[in-house]
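# Secondary and tertiary structure notes
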Amino acid sequence: MSESERIADQLRRAFDGDAWSGPSLQQTLANITAAQAAAYPWPGVHTIGELVQHLTTWTVTVAQRVEARQLTPMTRDDWPLFPVVADEAAWLRTRQQLHEAHEQLVAITEALPATELDTVLGDARQRADGSGVSIYVLLHGIVQHYLYHAGQIALLRKFV
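Here is what the cut-offs are and how they apply
Residues numbered from 1 in each chain as written. Predicted model: local features only at pLDDT ≥ 70, side-chain atom pairs only at ≥ 80, totals over all residues. Heavy atoms only, no water. Helix = DSSP H or I, 4+ residues; strand = E, 2+ residues; numbered from the N terminus. Rg over C-alpha atoms; globule rule 2.2 N^0.38 Å. Buried < 20%, exposed > 50% of the residue type's maximum accessible area, 1.4 Å probe, protein only. Contact = heavy atoms within 4.5 Å. Lys, Arg positive; Asp, Glu negative; His and termini not counted. Charge placed at Lys NZ, Arg CZ, Asp CG, Glu CD. Expected span 1.5 Å × (residues − 1). Pairing = 2+ DSSP bridges. UniProt positions renumbered as here; feature names shortened; annotations may be inferred. Axes fitted to C-alpha atoms, helices over the stretch in contact; angles between N-to-C directions. Parallel < 35°, antiparallel > 145°, perpendicular 65-115°, else oblique. Left-handed = near helix turned anticlockwise from the far one by under 90°. Nonpolar A, V, L, I, M, F, W, Y, C, P; charged D, E, K, R; others polar.

In the nomenclature of an unreviewed UniProt entry, the chain corresponds to DinB family protein from the organism Hymenobacter tibetensis.

What follows is the structure, encoded as C-alpha coordinates:
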(Lines give C-alpha, C1' and ligand atoms only; values in the text may rest on other atoms or scores of the structure.)
Protein backbone atom coordinates (compact mmCIF):
# COMPACT_ATOMS: atom_id res chain seq x y z
CA MET A 1 0.00 0.00 0.00
CA SER A 2 1.37 3.43 -0.95
CA GLU A 3 1.55 6.29 1.54
CA SER A 4 -1.28 8.06 -0.30
CA GLU A 5 -3.44 4.94 0.02
CA ARG A 6 -2.62 4.76 3.74
CA ILE A 7 -3.73 8.36 4.19
CA ALA A 8 -6.94 7.62 2.25
CA ASP A 9 -7.52 4.73 4.66
CA GLN A 10 -7.19 7.12 7.60
CA LEU A 11 -9.65 9.50 5.94
CA ARG A 12 -12.15 6.65 5.60
CA ARG A 13 -11.63 5.48 9.18
CA ALA A 14 -12.20 8.96 10.62
CA PHE A 15 -15.20 9.64 8.39
CA ASP A 16 -17.16 6.41 8.46
CA GLY A 17 -14.96 3.52 9.46
CA ASP A 18 -13.19 2.06 12.44
CA ALA A 19 -11.59 5.19 13.90
CA TRP A 20 -8.97 4.41 16.52
CA SER A 21 -10.20 7.20 18.78
CA GLY A 22 -13.83 6.08 18.98
CA PRO A 23 -16.92 6.59 16.86
CA SER A 24 -16.31 7.95 13.36
CA LEU A 25 -17.85 11.21 12.21
CA GLN A 26 -20.72 9.40 10.47
CA GLN A 27 -21.37 7.18 13.49
CA THR A 28 -21.56 10.33 15.60
CA LEU A 29 -24.03 11.92 13.17
CA ALA A 30 -26.28 8.84 13.02
CA ASN A 31 -29.92 9.42 14.01
CA ILE A 32 -29.55 13.17 14.50
CA THR A 33 -32.73 14.91 13.35
CA ALA A 34 -32.98 18.22 11.52
CA ALA A 35 -34.33 19.83 14.69
CA GLN A 36 -31.33 18.58 16.65
CA ALA A 37 -28.96 19.75 13.89
CA ALA A 38 -30.47 23.25 14.06
CA ALA A 39 -30.58 23.57 17.86
CA TYR A 40 -28.41 26.03 19.80
CA PRO A 41 -27.89 24.47 23.24
CA TRP A 42 -25.80 27.42 24.47
CA PRO A 43 -25.17 30.97 23.26
CA GLY A 44 -22.13 31.32 21.02
CA VAL A 45 -21.87 27.60 20.21
CA HIS A 46 -22.17 26.33 16.64
CA THR A 47 -25.04 24.01 15.83
CA ILE A 48 -24.45 20.49 14.59
CA GLY A 49 -25.69 21.64 11.19
CA GLU A 50 -23.17 24.48 11.14
CA LEU A 51 -20.39 22.07 12.10
CA VAL A 52 -21.33 19.74 9.23
CA GLN A 53 -21.38 22.62 6.76
CA HIS A 54 -17.99 23.81 8.08
CA LEU A 55 -16.60 20.30 7.61
CA THR A 56 -17.89 20.31 4.04
CA THR A 57 -16.23 23.67 3.34
CA TRP A 58 -12.87 22.38 4.50
CA THR A 59 -13.18 18.97 2.83
CA VAL A 60 -13.94 20.67 -0.49
CA THR A 61 -11.09 23.16 0.04
CA VAL A 62 -8.56 20.44 0.86
CA ALA A 63 -9.65 18.38 -2.16
CA GLN A 64 -9.23 21.41 -4.45
CA ARG A 65 -5.81 22.20 -3.02
CA VAL A 66 -4.53 18.63 -3.26
CA GLU A 67 -5.85 18.25 -6.79
CA ALA A 68 -4.31 21.57 -7.90
CA ARG A 69 -1.11 20.99 -5.89
CA GLN A 70 -1.28 24.63 -4.85
CA LEU A 71 -2.94 26.95 -2.40
CA THR A 72 -6.41 27.75 -3.70
CA PRO A 73 -8.84 30.16 -2.07
CA MET A 74 -11.82 28.83 -0.17
CA THR A 75 -14.87 28.84 -2.45
CA ARG A 76 -17.40 28.52 0.38
CA ASP A 77 -18.04 30.30 3.66
CA ASP A 78 -15.99 28.85 6.50
CA TRP A 79 -18.98 28.87 8.87
CA PRO A 80 -22.20 28.88 6.81
CA LEU A 81 -25.39 29.39 8.76
CA PHE A 82 -27.67 26.40 9.12
CA PRO A 83 -31.42 27.14 9.08
CA VAL A 84 -32.86 27.57 12.56
CA VAL A 85 -35.93 25.69 11.35
CA ALA A 86 -34.50 22.96 9.15
CA ASP A 87 -36.52 20.25 7.51
CA GLU A 88 -35.34 16.67 7.23
CA ALA A 89 -34.75 17.00 3.46
CA ALA A 90 -32.43 19.98 3.99
CA TRP A 91 -30.55 18.14 6.74
CA LEU A 92 -30.19 15.09 4.49
CA ARG A 93 -28.82 17.30 1.68
CA THR A 94 -26.34 18.90 4.09
CA ARG A 95 -25.04 15.48 5.14
CA GLN A 96 -24.99 14.27 1.52
CA GLN A 97 -22.86 17.25 0.48
CA LEU A 98 -20.33 16.33 3.15
CA HIS A 99 -20.35 12.70 2.04
CA GLU A 100 -19.80 13.66 -1.61
CA ALA A 101 -16.96 16.02 -0.71
CA HIS A 102 -15.36 13.28 1.39
CA GLU A 103 -15.61 10.71 -1.43
CA GLN A 104 -14.02 13.17 -3.85
CA LEU A 105 -11.18 13.84 -1.40
CA VAL A 106 -10.54 10.11 -0.90
CA ALA A 107 -10.39 9.54 -4.67
CA ILE A 108 -7.98 12.46 -5.15
CA THR A 109 -5.83 11.23 -2.27
CA GLU A 110 -5.65 7.67 -3.59
CA ALA A 111 -4.52 8.95 -7.00
CA LEU A 112 -1.88 11.25 -5.51
CA PRO A 113 1.70 10.18 -6.25
CA ALA A 114 3.62 9.78 -2.99
CA THR A 115 6.31 12.08 -4.40
CA GLU A 116 3.79 14.96 -4.20
CA LEU A 117 3.11 14.59 -0.47
CA ASP A 118 5.96 16.93 0.47
CA THR A 119 4.66 19.74 -1.77
CA VAL A 120 4.11 22.82 0.40
CA LEU A 121 1.00 24.86 -0.36
CA GLY A 122 1.56 28.57 0.19
CA ASP A 123 4.61 30.48 1.28
CA ALA A 124 4.05 31.09 4.97
CA ARG A 125 2.11 29.28 7.64
CA GLN A 126 -1.28 30.88 8.12
CA ARG A 127 -3.52 28.83 10.41
CA ALA A 128 -6.69 30.70 9.40
CA ASP A 129 -6.49 29.61 5.76
CA GLY A 130 -4.55 26.39 6.32
CA SER A 131 -1.60 27.49 4.18
CA GLY A 132 2.11 26.94 4.50
CA VAL A 133 1.94 23.18 5.10
CA SER A 134 2.71 20.17 2.95
CA ILE A 135 0.00 18.12 1.28
CA TYR A 136 0.94 15.36 3.74
CA VAL A 137 0.21 17.62 6.73
CA LEU A 138 -2.93 19.00 5.06
CA LEU A 139 -4.39 15.52 4.53
CA HIS A 140 -3.59 14.40 8.06
CA GLY A 141 -5.06 17.68 9.25
CA ILE A 142 -8.43 16.95 7.64
CA VAL A 143 -8.47 13.55 9.36
CA GLN A 144 -7.89 15.36 12.65
CA HIS A 145 -10.54 17.92 11.69
CA TYR A 146 -13.14 15.18 11.16
CA LEU A 147 -12.47 13.71 14.59
CA TYR A 148 -12.18 17.04 16.40
CA HIS A 149 -15.63 18.09 15.21
CA ALA A 150 -17.03 14.58 15.74
CA GLY A 151 -16.13 15.07 19.41
CA GLN A 152 -17.95 18.41 19.48
CA ILE A 153 -20.99 16.86 17.81
CA ALA A 154 -20.96 13.98 20.31
CA LEU A 155 -21.16 16.51 23.15
CA LEU A 156 -23.80 18.66 21.47
CA ARG A 157 -26.09 15.74 20.76
CA LYS A 158 -26.31 15.07 24.51
CA PHE A 159 -27.90 18.49 25.01
CA VAL A 160 -30.19 18.90 21.97
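Picking up where we left off.
## A few points about the overall build of the chain
Looking only at helices and strands, the chain features six helices and two strands. Shown N-terminal to C-terminal, the secondary structure of the chain runs as helices and strands in the order α-α-α-α-α-β-β-α. Relative to the globule expectation of 15 Å for 160 residues, the C-alpha radius of gyration of the chain, 16 Å, shows essentially globular dimensions. C-alpha extents for the chain along the principal axes are approximately 45 × 30 × 25 Å. Split into buried and exposed, the 160 residues of the chain put 42% on the buried side. If you take every contact in the chain between residues at least 6 apart in sequence, the share linking residues at least 24 apart comes to 72%. On the chain, the mean spot of the 12 positive side-chain charges and the mean spot of the 18 negative ones are 5 Å from each other.

## A few points about helix α1 (residues 3-16)
Relative to the 20 Å expected for 14 residues at 1.5 Å per residue, α1 spans 20 Å between its end C-alpha atoms, a close match to the ideal helical length. Residues of α1 that are buried make contact with α2 (25-29), α5 (88-111) and α6 (135-157).

## Remarks on the pairing of strand β2 (residues 131-134)
The pairing of strand β1 (residues 120-126) with β2 spans three bridges and is classified as antiparallel. When the bridges of β2 are listed, Gln126 appears paired with Ser131.

## Some remarks on the UniProt feature "domain: DinB-like" (unreviewed entry) in the chain
Sites flagged by UniProt as "domain: DinB-like" (unreviewed entry) map to residues 25-153. In the segment residues 25-153, helix accounts for 57% and strand for 9%; the C-alpha atoms at its two ends are 9 Å apart.

## Digging into the packing of helix α4 (residues 48-68) against α5
Put simply, α4 and α5 touch, their axes get as near as 9 Å, and they point 25° apart. Judged by the angle between their axes, α4 and α5 are roughly parallel. Crossing of α4 against α5: the hand is left-handed. In this structure, α4 contributes Ile48, Gly49, Val52, Gln53, Leu55, Thr56, Thr59, Val60, Val62, Ala63, Val66 and Glu67 to the contact, and α5 contributes Trp91, Thr94, Arg95, Gln97, Leu98, Ala101, His102, Leu105 and Ile108. Across the contact of α4 with α5, the residue classes break down as twelve nonpolar, seven polar and two charged.

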